[in-house]
Amino acid sequence: MTQQKSNKAALYILMFNMFIAMGSIGIIIPVMPEYLRIFGAAGQVLGMLIATFAFAQFVFSPIAGNLSDQYGRKNLIIFGLILTGLAQIGFGLSTEVWMLFLARFLGGLGSAFVAPPIMAFVADVTTYEERGKGMGMLGAAMSLGFMIGPGIGGFLSHVSLHFPFYTAGAAAILASILSFFLLPSTKPNAAQKMHKQDNLAKQMVRSVHMPYFVMLIIMMVFSFGIANFQTTLSLFVTEKFHYTPGDIAIILVVGGAFGVVVQMFVITPLFNRYGEMKVVLVNLFIAAISIYLILFVSGFALILVVATIFSTATTLIRPAVNTLISKLAENEQGFAAGLNNAYMSLGNMIGPALAGILFDWNMNSPYIFGAIILMACFFLALIWTMKKAPHLMQPDSK
């Protein structure tokens, strides 16, 4: 009973850390278009900044996940939070465009040492049957961070455009201090310690032979698709409808709020009744339709509704894929979480860079392309499941 309480406490601390990490990203979203104007930058630079962040995640996530299998999760999480905080402060202090790119790279490096160990930690403190619930709670913390972050960012931007970055940095450093004192240390088991540390190239090659490889591809393609929406939404509504940072914050906050409610109260019953794969398929289809519909709606209320539908669908997909990968990973939770984050980062790296270029060419094109990518991901997942893993269409597929 004591161990059960300790695991539950650890899960709450991990949720708090993920909330702070995601909130520190969300807090800067509403101010980015205006902030980049200080440097004379636009959509392409925004896309490349996000891609730089994702590139660092891609390179270092498998390394961080593997290290967490060998040496435990706690110290890596603390290091990642500190680096994330310093990178955010550095972004706010930047005076040249190259400094922005350096700060985003360091931020991605910090994130790489936060997300995979946290996901592996959740697997450590939950049973196989509770894995979906644990990942759903972690996903809710992520969504809550994205929900509250933009609202705070829009409010803090009234102080100055730099102030949200300083606040985000301070919050991440505070989370690292709390983790040092409150987060329990975990000891890797013998199977985890025996796993040899490979370089990134070898890990990516090895991933092809993993039973969850197609799930990794789905995560990459799905991340690539939604990056087109997330990267350019603030630019799109600013250019087309002249929305303010406060307006953008409301859109993101409402979408995030629905995501939190769904992940806290709906996702576990959905997993239990339909299984994770059906949740993935249905919401990939909904996401593809809703990202395309954003081009045909006008008026704040309709844009809010369509953006919220898209946000809710995507918040269901990610924990479902995370759960499937974790269930198939067995004793290599850190390794699998690192690969998961790396493939997600690969999509996040290519998607924003391309979205920024497409936006500067035609503001509608990222959403058309994003819809095509998400629909392609839907058919990839459906065909693979029906041919290779039909058992995943049923709940409790162990």
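What you are looking at is a predicted structure, and each value in this text was computed from that prediction instead of being measured. Counting restarts for each chain: residues are numbered from 1 in the order of the written sequence. For a predicted model such as this one, the threshold for reporting local features is a pLDDT of at least 70, and the threshold for listing and counting side-chain atom pairs is 80 or more; totals across whole chains, interfaces and linings nevertheless cover every residue. Side-chain numbers here rest on the full set of heavy atoms in the structure, without hydrogens or water.

## So, the overall build of the protein chain
Turning to step 1, where the next piece is worked out: To qualify as a helix, a DSSP run of H or I must reach at least 4 residues; to qualify as a strand, a run of E must reach at least 2; elements of each kind are numbered from the N terminus. Helix and strand counts for the protein chain come out as 17 helices and zero strands.
Turning to step 2, where the next piece is worked out: Seen through its C-alpha atoms, the protein chain measures out along the principal axes to roughly 55 × 45 × 40 Å.
Turning to step 3, where the next piece is worked out: Summary of the burial criterion: residues with accessible area below 20% of their type's maximum are buried, those above 50% are exposed, and those between are partly exposed, where the area comes from a 1.4 Å probe applied to protein chains only. By residue count, 60% of the 398 residues in the protein chain fall in the buried class.
Turning to step 4, where the next piece is worked out: Pairs of residues are marked as contacts when any of their non-hydrogen atoms sit within 4.5 Å. In the protein chain, once contacts between residues fewer than 6 apart in sequence are set aside, the share between residues at least 24 apart is 87%.

## Topic: the confidence of the model for the protein chain
Turning to step 1, where the next piece is worked out: For every residue, the predictor states its confidence as a pLDDT score lying anywhere from 0 to 100. Mean pLDDT over the protein chain stands at 81; residues scoring 70 or higher make up 90%.
Turning to step 2, where the next piece is worked out: Put simply, helix H9 (residues 190-194) is where the protein chain has its lowest mean pLDDT, 49, and helix H4 (residues 74-93) is where it has its highest, 93.
Turning to step 3, where the next piece is worked out: Here residues 190-194 is modelled with pLDDT under 50, and outside its nearest four sequence neighbours on either side it reaches nine contacts, counting other chains as well.

## Brief notes about the layout of surface pockets
Turning to step 1, where the next piece is worked out: Approximately 320 Å³ is the volume attributed to the largest pocket.
Turning to step 2, where the next piece is worked out: The definitions used throughout rest on a 1 Å grid laid over the protein atoms alone, on which a cavity is an enclosed set of points accommodating a 1.4 Å probe that cannot get out and a pocket is an open set flanked by protein within 12 Å on both sides along at least five of seven lines; lining residues are those having an atom within 4 Å of a point. Lys8, Leu11, Val125, Thr126 and Glu130 are the residues nearest the centre of the largest pocket, which is lined by 12 residues in total.
Turning to step 3, where the next piece is worked out: Residue type decides the class: Asp, Glu, Lys and Arg count as charged, Ala, Val, Leu, Ile, Met, Phe, Trp, Tyr, Cys and Pro as nonpolar, and the leftover types, Gly among them, as polar. In terms of residue class, the lining of the largest pocket is built from four nonpolar, five polar and three charged. Grid points are joined across faces, edges and corners, and a volume is the space filled by probe spheres set on the points.

## Let's talk about helix H6 (residues 115-124)
Turning to step 1, where the next piece is worked out: In terms of burial, H6 is largely enclosed, as nine of its 10 residues are buried.
Turning to step 2, where the next piece is worked out: Those residues of H6 not exposed but buried are Ala115, Pro116, Pro117, Ile118, Met119, Ala120, Phe121, Val122 and Ala123.

## Topic: the packing of aromatic side chains
Turning to step 1, where the next piece is worked out: Here a pair means two rings of Phe, Tyr or Trp (six-membered ring of Trp) with centres within 6.5 Å. Their orientation is stacked below 30 degrees between planes, edge-to-face above 60, and tilted elsewhere. All chains considered together, the criterion is met by 15 aromatic pairs.
Turning to step 2, where the next piece is worked out: Aromatic pair tyrosine 35 and phenylalanine 165: ring centres 4.7 Å apart, planes at 45 degrees, arrangement tilted. Remark: phenylalanine 165 occurs in helix H8 (residues 163-182) and tyrosine 35 occurs in helix H2 (residues 32-37); sequence separation between them is 130 residues.
Turning to step 3, where the next piece is worked out: By the ring-pair criterion, three or more aromatic residues cluster together here, those being Phe236, Phe241, Tyr243, Phe300 and Tyr367.
Turning to step 4, where the next piece is worked out: Here the guanidinium or amino end of lysine 74 rests over the ring plane of phenylalanine 180, the centre of that ring lying 5.8 Å away.
Turning to step 5, where the next piece is worked out: Each ring is checked for a lysine NZ or an arginine CZ that lies within 6 Å of its centre and within 35 degrees of its normal; such an atom marks a charge sitting over the ring. Seen from the ring of phenylalanine 91, arginine 104 lies directly overhead, with NZ or CZ sitting 5.7 Å from the centre.

## Some details on the environment of valine 125
Turning to step 1, where the next piece is worked out: Along the polypeptide, valine 125 turns up in the loop between H6 and helix H7 (131-156).
Turning to step 2, where the next piece is worked out: As for valine 125 and alanine 9, which are separated by 116 residues in sequence, their C-alpha atoms are 9.7 Å apart.
Turning to step 3, where the next piece is worked out: Setting aside chain neighbours within four positions, we find valine 125 in contact with Asn7 and Ala10.

## Quick look at the nonpolar core
Turning to step 1, where the next piece is worked out: Buried Ala, Val, Leu, Ile, Met, Phe, Trp, Tyr and Cys residues form a nonpolar core when they are joined through side-chain atoms within 4.5 Å. In this structure, Tyr212, Met215, Leu284 and Leu374 are the most contacted members of the largest nonpolar core, which totals 90 residues.
Turning to step 2, where the next piece is worked out: Considering every element that reaches this core, the biggest residue donor is helix H11 (residues 213-241), with 16 residues.
Turning to step 3, where the next piece is worked out: Not counting residues up to four positions away in its chain, the partners in contact with methionine 215 are Met277, Val321, Leu324, Ile325 and Trp384.
Turning to step 4, where the next piece is worked out: In this structure, Leu14, Ile20, Met119 and Met142 belong to the second largest nonpolar core, which totals 29 residues.

## Considerations on the side chain of threonine 323
Turning to step 1, where the next piece is worked out: Within the fold, threonine 323 resides in helix H15 (residues 300-329).
Turning to step 2, where the next piece is worked out: Look at threonine 323 and you get buried, because its relative accessible area is 0%.
Turning to step 3, where the next piece is worked out: Non-local contacts of threonine 323, meaning those with residues more than four positions away in its chain, are made with Arg131, Gly132, Met135, Phe271 and Glu276.

## A few points about unusual backbone geometry
Turning to step 1, where the next piece is worked out: Of note in the backbone geometry, histidine 242 takes a positive phi value of approximately 60 degrees without being a glycine.
Turning to step 2, where the next piece is worked out: Relative to the elements of secondary structure, histidine 242 occurs in the loop between H11 and helix H12 (245-265).

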